[in-house]
Amino acid sequence: MSDAPPVSAGDGGPGRPPIWSRPERGSRGPAPAHSRDAIVVAAVALADTEGLAAVSMRAVASALGTGAGSLYRYLSSRDDLLDLMTDRVIGELRPYPQAEGDWLDTMVLLGRRQLALFGAHPWLLDVFHRASGVGPESLAWFDNCIRVLEPLPCAVTAKFEAIAMMTGVVSLFARREAAAGAGAGALSFAGVDLAAYPHLVAAFGQPPAPAPRADLVERTLRSLLTGLLLAEAG
């Protein structure tokens, strides 16, 4: 038995409009028992508790107390569902901070909010990069970042690159935190003969440096953004 939607004429293919521009449900069939929003809420809850692999049309339908076939009146595929889930949780980045102070402080705050979002929805790390998942909330977030960076005289391409790099770096921090939460231990050289690695031995022998004033996330984001945007502006 398959979890794929029933095939019918006009289902569309690669040229099908994105889920954002399609009606809430098909025009045929009985009156709707659920809304697209309710389906997405159930799917997000399932992904948060059981992981992305647990999210199937059948499982979401079961959570709603209906059959998998009924969901295809609202969505064409699981890919549609993943796109809607992605955009919905990205909407949790609202309300955006006002860019009244320093642009860099605001961007670091936005990066921290991204990190918190990945922590709240770990499955997002596996789907946020999908081109099909760039919906209204994703566009609103990019629009807000461009608003924050408006005072900088560098090219808009540099701003888009900086935003993309910030998101990529934040996702790496999120993966590191997820691995630590899953029980991944610190790097250990127990039982390893380090004699063949003199530079490592010398580095480990150095006295510890004073604790930095900012954590690694903030230091990385500040260095990244200033390096990409201020050097370009200069």
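Above this note sits the structure.
Residues numbered from 1 in each chain as written. Predicted model: local features only at pLDDT ≥ 70, side-chain atom pairs only at ≥ 80, totals over all residues. Heavy atoms only, no water.

Undergrad: Sorry, what's going on with the overall build of the chain here?
TA: For the chain, the count of helices and strands is nine helices and zero strands. Each helix (α) and strand (β) of the chain, taken in turn from the N terminus, gives the series α-α-α-α-α-α-α-α-α. Each of the 234 residues in the chain was classed as buried or not, and the buried ones make up 35%. A separation of at least 24 residues holds for 75% of the contacts in the chain among residues at least 6 apart in sequence. (Helix = DSSP H or I, 4+ residues; strand = E, 2+ residues; numbered from the N terminus. Buried < 20%, exposed > 50% of the residue type's maximum accessible area, 1.4 Å probe, protein only. Contact = heavy atoms within 4.5 Å.)

Undergrad: How should the packing of aromatic side chains be read in this particular structure?
TA: How two aromatic rings sit relative to each other is set out by the distance from centre to centre and by the angle between their planes. Scanning all chains against the criterion turns up two aromatic pairs. Residues F118 and F128 carry aromatic rings whose centres are separated by 5.2 Å and whose planes lie at 65° to one another, so their mutual orientation is edge-to-face. Here F118 is found in helix α5 (residues 103-120), whereas its partner F128 is found in the loop between α5 and α6 (136-148), with 10 residues between them in sequence. The class of F128 is partly exposed, set by a relative accessible area of 24%. (Phe/Tyr/Trp six-rings, centres within 6.5 Å; stacked < 30°, edge-to-face > 60°.)

Undergrad: I keep staring at α6 and nothing clicks. Help me out?
TA: Since the α-helix packs 3.6 residues into each turn, any two residues three or four apart lie on the same face. Taking 1.5 Å of rise per residue, the 13 residues of α6 would be expected to cover 18 Å, and the 18 Å separating its terminal C-alpha atoms lies within 8% of that figure. Turning to α6, its buried residues are S138, A140, W141, N144, C145 and V148. Burial along α6 is one-sided: seen end-on, the buried residues are contained in an arc of 160°. Turned more than 90 degrees off the buried face of α6, the exposed positions are L139 and D143. Along its buried surface, α6 packs onto α4 (78-90), α5 and α7 (156-181). (Expected span 1.5 Å × (residues − 1). Arc of directions from axis to C-beta.)

Undergrad: I would appreciate a short explanation of the nonpolar core in the present structure.
TA: Buried together is how nonpolar side chains tend to be arranged in soluble globular proteins. In this structure, L81, M85 and M107 are the most contacted members of the largest nonpolar core, which totals 58 residues. Every element with two or more residues in this core is listed here: α1 (36-50), α2 (57-63), α3 (68-71), α4, α5, α6, α7 and α9 (216-233). Ignoring anything within four residues of it in the chain, the contact list for M107 reads C145, V148, L149, I163, M166 and L225. (Core = buried A, V, L, I, M, F, W, Y, C linked by side-chain atoms within 4.5 Å.)

Undergrad: What should I look at first to understand the packing of α1 against α4 in this one?
TA: How two helices pack is summed up by the angle between their axes together with the distance between the axes. At a minimum axis distance of 9 Å, the contact between α1 and α4 shows a crossing angle of 80°. The angle between α1 and α4 falls in the class roughly perpendicular. Contacts between α1 and α4 involve R36, D37, I39, V40, V41, A43, V44 and A47 on the former and, on the latter, L81, L84, M85, R88 and V89. Residue composition of the contact of α1 with α4, by class: 10 nonpolar, no polar and three charged. (Axes fitted to C-alpha atoms, helices over the stretch in contact; angles between N-to-C directions. Parallel < 35°, antiparallel > 145°, perpendicular 65-115°, else oblique. Nonpolar A, V, L, I, M, F, W, Y, C, P; charged D, E, K, R; others polar.)

Undergrad: Teacher, can you tell me more about the packing of α5 against α7 here?
TA: Close contact between α5 and α7 brings their axes to 9 Å; oriented N to C, the two are set at 40°. As judged from the angle between their axes, α5 and α7 are oblique. For the pair α5 and α7, the sense of crossing is right-handed. Judged by residue contacts, M107, L110, G111, Q114, L115 and F118 of α5 engage I163, M166, T167, V170, S171, F173, A174 and E177 from α7. Residue composition of the contact of α5 with α7, grouped by class: nine nonpolar, four polar and one charged. (Left-handed = near helix turned anticlockwise from the far one by under 90°.)

Undergrad: Please clarify how the environment of R175 should be interpreted in this entry.
TA: Within the fold, R175 resides in helix α7. Residue classification places R175 among the partly exposed positions, given a relative accessible area of 38%. Along the sequence, R175 and L115 sit 60 residues apart, while their C-alpha atoms lie 9.7 Å from each other.

Undergrad: Any chance you could explain the side chain of N144 here in plain terms?
TA: Counting through the fold element by element, N144 comes out in helix α6. Overall, the relative accessible area of 3% leaves N144 in the buried class. Of note is the side chain of N144, whose polar atom sits 2.5 Å from the side chain of R147. For N144, the residues in contact, after removing those within four places along its chain, are Y96, P97 and L110. (Polar contact = N/O pair within 3.5 Å; in protein donor to acceptor, adjacent residues only side chain to side chain.)

Undergrad: Help me out: how do you make sense of the pattern of salt bridges in this one?
TA: For side chains bearing opposite charge, pairing can occur when the charged atoms are close. Summed over all chains, the structure comprises 10 salt bridges. Across the pair R22 and D80 runs a salt bridge whose closest N-O atoms are separated by 2.9 Å. Linking R22 in the segment before α1 with D80 in helix α4, this pair joins segments that are 58 residues apart in sequence. D80 shares its class with R22; the two are buried. A salt bridge links R130 to D79; the nearest nitrogen and oxygen atoms lie 3.6 Å apart. Of this pair, R130 sits in the loop between α5 and α6 while D79 sits in helix α4, and the two are 51 residues apart along the sequence. (Salt bridge = Lys/Arg side-chain N within 4 Å of Asp/Glu carboxyl O.)

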